[in-house]
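Results of the structural survey
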Amino acid sequence: MEMNFRLALLWTKVLVATAALLFGVHTHAVVITYDSVLDSDNVSTSAVAGATVVDFNDNTCGAYAACSGDFTIVSGSSRGLYAAPFVTAANSPDTTNYLSVPNPIRNGSALFELGTTANYFGLLWGSIDRYNSIAFLSGASVVASFTGQSITRPSAANGNQTAPSTNTYVNFFDLPSFDAVRLISTNFAFESDNHAFATVPEPGTLSLLAFGLLGLVLIRRRVQ
Ligand SMILES: [Ca+2]
Ligand SMILES: [Ca+2]
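Throughout what follows, the structure given in this document is the object of discussion. (Residues numbered from 1 in each chain as written. Chains lettered and ligands numbered in written order. Predicted model: local features only at pLDDT ≥ 70, side-chain atom pairs only at ≥ 80, totals over all residues. Heavy atoms only, no water.)

Our focus in this paragraph is the pairing of strand 11 (residues 120-126). In terms of burial, strand 11 is a largely internal element, seven of the seven residues being buried. Burial along strand 11 is two-sided: Tyr 120, Gly 122, Leu 124 and Gly 126 and Phe 121, Leu 123 and Trp 125, pointing in opposite directions, are all buried. Bridge analysis of strand 11 against strand 16 (residues 190-198) gives five bridges, and the strand direction is antiparallel. Each residue of the ladder has a partner; that of Gly 122, found in strand 16, is Ala 196. As defined by bridge partners, strand 11 adjoins strand 14 (residues 167-173) across six bridges and the pair is classed as antiparallel. Along strand 14, the bridge assignment pairs Leu 124 with Tyr 169. (Buried < 20%, exposed > 50% of the residue type's maximum accessible area, 1.4 Å probe, protein only. Helix = DSSP H or I, 4+ residues; strand = E, 2+ residues; numbered from the N terminus. Pairing = 2+ DSSP bridges.)

So, in structure tokens, the structure goes:
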């Protein structure tokens, strides 16, 4: 009887400690990477398995639940308005339809609603300008945002239409849970293609979970 009580107490302590590790210590450090793969049209796309991808090729917002605001879906380039993102791995511009924000208003933004939640987002972003920014929303709240200046390597963000540094696939991992993405540009233009979103287990969470489970196994062995 006493043994059962002590065992139950021990299990409770372990579960509380594990929960604290998982939910208490956890912080959102967004990880930005630039890896990608080529899709069948030779356009950079997400390397994340199972991600929902919107390629805009059928002139719609595809798998997004809704899209609204100041945007256009175009192909090719129009001087002073938009230029096709350059795909470094294919050494050629994106020849498919892609998204350009703003259009027709010079200072505008567009909202893309997922219809679900995610913690990963990727997009082919090119050319990256310092006046481009991306915001992730949960309901009406902005949970994370980045300017073009903050994500380029090196931080040129000068809109160069062929440079790898300003035409790249950008992956945002470990985002706070979001259900919409807002693309903002105070001038022409924020061009993008192959938007991708998914819920990806966070490496930090996985290691903490593994640590917690290991603790459970060890403690269980000791009490047996
Ligand atoms: Ca496309
Ligand atoms: Ca641009």
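Surrounding the calcium ion (ligand 2) are the protein donor atoms Ser 127 (O), Ser 127 (OG), Asp 129 (OD), Ala 189 (O) and Glu 191 (OE), at 2.2 to 2.6 Å. Here Ser 127 falls in the buried class, since its relative accessible area comes to 4%. Judged by relative accessible area, which is 6%, Asp 129 ranks as buried. (Donors = N, O, S within 2.8 Å, 3.2 Å for Na, K, Ca; no water.)

So, on to the coordination of the calcium ion (ligand 1). Those donors, Asp 55 (O), Asn 57 (OD1), Thr 96 (OG1), Asn 97 (O), Asp 193 (OD) and Asp 193 (OD), are the protein atoms that reach the calcium ion (ligand 1), and they lie 2.3 to 2.7 Å from it. For the calcium ion (ligand 1), the six donor atoms in the first shell make angles of 51 to 165° at the metal, a pattern classed as irregular. In terms of primary sequence, the donors binding the calcium ion (ligand 1) are separated according to D-x1-N-x38-T-N-x95-D. Here Asn 57 is found in the loop between strand 4 (52-54) and strand 5 (66-69), whereas its partner Thr 96 is found in the loop between strand 8 (92-93) and strand 9 (98-101), with 39 residues between them in sequence. Judged by relative accessible area, Asn 57 falls into the partly exposed class, the value being 28%. A relative accessible area of 11% places Thr 96 in the buried class. (Tetrahedral: all angles 85-135°; square planar, octahedral: opposite > 155°, others 65-115°.)

Let us now look at the state of the cysteines. Scanning the model with the defined rule gives one disulfide in all. The partner cysteine of Cys 61 in its disulfide is Cys 67, sulfur to sulfur 2.0 Å. When the S-S torsion is 95°, as for the bridge of Cys 61 with Cys 67, the disulfide is right-handed. The exposure class assigned to Cys 61 is buried, which follows from its relative accessible area of 9%. By relative accessible area, which is 29% here, Cys 67 ends up partly exposed. (Disulfide = S-S within 2.5 Å.)

In total, this model carries twelve aromatic pairs according to the counting rule given. Between Tyr 64 and Phe 112, the aromatic rings sit 5.3 Å apart at their centres with planes inclined by 40°, giving tilted as the arrangement. One end of the pair, Tyr 64, is in the loop between strand 4 and strand 5; the other, Phe 112, is in strand 10 (residues 108-118), with 48 residues separating them in the sequence. Look at Phe 136 and Phe 146: their rings are 6.3 Å apart centre to centre, the planes differ by 70°, and that puts the pair in the edge-to-face class. Highlighted residues: Phe 136 in strand 12 (residues 132-138) and Phe 146 in strand 13 (residues 141-147), separated in sequence by ten residues. We classify Phe 146 as buried; its relative accessible area is 15%. An aromatic cluster of three or more residues is present, and its members are Phe 121, Phe 136, Phe 146, Phe 172 and Phe 178. (Phe/Tyr/Trp six-rings, centres within 6.5 Å; stacked < 30°, edge-to-face > 60°.)

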